[in-house]
Amino acid sequence: MTSPGPGASPPDGNGAAAAPGTPADVLGTVAGLLREAGPVVLLAHVSPDADALGSALAVAHALRELGRPCQVSWGDDPFEVPRALRALPGAGPEDGFLVPPSRLAASGAVTVAFDCARADRLGVLAPVLDSSQVAVAFDHHSSHEPFAAVRLVDPAAAATTVLAAGLIDALGVELTPAIAACLYAGLVTDTGSFRFSNTRPDTLRFAARLLDVGFDHSALVRSLVDDVPASFLPVLGAALERVVLDGHALAGAGLVTAVVPGQARRDAGLAVDDVTPVLDTVRRAEEADVACVLYEDDPGTWRVSLRSKGRVDVSRAAVSLGGGGHRAAAGLTAHGSADDVLGRVREALEAAL
């Protein structure tokens, strides 16, 4: 595990430049804060995925093992667990971890943000950083823009849950089935069920360590990756009717695009997070290295998801348009008509070459 940027710093919470430190230094610093300091708040990014929420919940379970109370939140309104993540241990209201932003007791807390490349990815909770005793960030995005006084950023990590596991080890907590399941959720989704190029021998060894703890991994992965409501299928059909393939785009790398119309999604009673599996189908086009799917949120507001099979660095395009991500997976929010957004994204992809 490497840390390309600043590591540990004094816990002054002012977000100033951190003093250099090894990953072990950062983990030790954060573990000490979580054991001994005031309230603990664990944050995922808006519209949390399995890596962000899995990391936060895994650390929450570890703190509970130590008798340390904590709160887990993210900056969405309405505050709802995405359908695919409801199987995560700790994601239910009966578990007592999740707290909506309006009820978060964050002032003076040790605040740890997971999987956030920028402060604005915390949504309405971004101001919490300024009122925290100390702000901490664990992330693996190559596009990370420093916003926390203490941070561990490792683009080589297959998932942020790998970094969360290091923190749990530093806390001296043994992995439980609940902790292992939360960590595995981020690992399996961010590696595309171990199909993506970030799957390395150490990735599989980490997965084996988690499986050795014992949890129903097949049921968990089915909930995370496979299961969709039947009402999703017509929405998928509507999106596939809008697929456009240009095998000559991007210097011959190829580009396939699709648009998920908001009306079709709303008619099906689905949230944007419920229809993101559209991308899993669109990206399979063998003629295109890059897949781009637009999901309409509010009218004229689009979530844009980009995926690359390796030839094109989609994170460069996303960053240029105010988003972020990884070389092979990135995203952004854009405004305008679908055609306008697709045009800007294509121009950014061409420039990224």
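Residues numbered from 1 in each chain as written. Predicted model: local features only at pLDDT ≥ 70, side-chain atom pairs only at ≥ 80, totals over all residues. Heavy atoms only, no water.

A. Representation of the pairing of strand β8 (residues 290–296). Burial within β8 is extensive, with 7 of its 7 residues counted as buried. Here β8 shows no split at all, with Val290, Cys292, Leu294 and Glu296 on one side and Ala291, Val293 and Tyr295 on the other all buried. Here strand β7 (residues 255–260) runs beside β8; their pairing, made up of 6 bridges, is parallel. Paired with Thr257 across the strands is Cys292, a residue of β8. (Buried < 20%, exposed > 50% of the residue type's maximum accessible area, 1.4 Å probe, protein only. Helix = DSSP H or I, 4+ residues; strand = E, 2+ residues; numbered from the N terminus. Pairing = 2+ DSSP bridges.)

B. Fine view of the pattern of salt bridges. This model, assessed by the stated rule, comprises 6 salt bridges. The shortest N-O distance in the salt bridge between Arg209 and Asp169 comes to 2.8 Å. Separated by 40 residues along the polypeptide, Arg209 in helix α6 (residues 201–213) and Asp169 in helix α4 (residues 160–170) bring together distant segments of the chain. For Arg200, the salt bridge goes to Asp202, with nearest N and O atoms at 3.3 Å. Classification of Asp202 as partly exposed rests on a relative accessible area of 39%. (Salt bridge = Lys/Arg side-chain N within 4 Å of Asp/Glu carboxyl O.)

C. Here's a closer look at the pairing of strand β3 (residues 110–114). Among the 5 residues of β3, 5 are classified as buried, and the element is accordingly described as predominantly covered. Of the strand pairs in this sheet, strand β1 (residues 40–43) and β3 are connected by 4 bridges, and their pairing is parallel. Note on β3: the bridge partner recorded for Leu43 is Ala113. Judged from the 5 bridges that link them, β3 and strand β4 (residues 134–139) form a sheet pairing that is parallel. Looking at β4, one finds that Val110 is bridged to Val134.

D. Structural detail: unusual backbone geometry. Pro78 follows Asp77 through a cis peptide bond whose omega is 10°. Here Pro78 is to be found in the loop between β2 (71–73) and β3. The backbone of Ser193 sits at a positive phi, close to 55°, despite the residue not being glycine. Although it is not a glycine, Ala251 sits at a positive phi angle of roughly 55°. One can find Ala251 in the loop between β6 (244–246) and β7.

E. Summary view of the packing of α4 against helix α5 (residues 177–190). The geometry of α4 relative to α5 is characterised by a closest axis approach of 8 Å and an angle of 155° between their N-to-C directions. Taken together, the axis directions place α4 and α5 in an arrangement best described as roughly antiparallel. In contact with Thr161, Val162, Ala164, Ala165 and Ile168 of α4, α5 contributes Ile179, Cys182, Leu183, Gly186 and Leu187. Among the residues forming the contact of α4 with α5, the class breakdown is 8 nonpolar, 2 polar and no charged. (Axes fitted to C-alpha atoms, helices over the stretch in contact; angles between N-to-C directions. Parallel < 35°, antiparallel > 145°, perpendicular 65-115°, else oblique. Contact = heavy atoms within 4.5 Å. Nonpolar A, V, L, I, M, F, W, Y, C, P; charged D, E, K, R; others polar.)

F. Up close: empty space enclosed by the protein. One pass over the full model with this rule turns up 1 cavity of 30 Å³ or more. Considered as a void within the structure, the largest cavity measures approximately 40 Å³ in volume. Contributing to the lining of the largest cavity are Val256, Arg283, Ala288, Asp289, Val290, Ala291, Arg307, Ser308 and Lys309. Secondary-structure elements contributing two or more residues to the lining of the largest cavity are β8 and β9 (301–308). The residue makeup of the lining of the largest cavity, split by class, is 4 nonpolar, 1 polar and 4 charged. (1 Å grid on protein atoms, 1.4 Å probe; cavity = no way out; pocket = protein on both sides within 12 Å on 5 of 7 lines; lining within 4 Å. Points joined across faces, edges and corners; volume = space filled by probe spheres on them.)

G. Representation of the sheet that holds β1 in the model. Spatial strand order, β2-β1-β3-β4-β5: 5 strands in an open sheet with parallel pairing. Two strands close off the open sheet at either side, each with one partner strand: β2 and β5 (150–153). Going from strand to strand, the sheet's axes swing by 15° on average, the running direction of each strand aside. Relative to β2, β1 is paired through 3 bridges, and the arrangement is parallel. Within the sheet, the bridge partner assigned to Leu42 lies in β2 and is Val72. The sheet contacts of helix α2 (residues 50–65) involve β1, β2 and β3, and relative to β1 the element is tilted by about 155°. Lying on the sheet, α4 is in contact with β3, β4 and β5; it crosses β4 at an angle near 125°.

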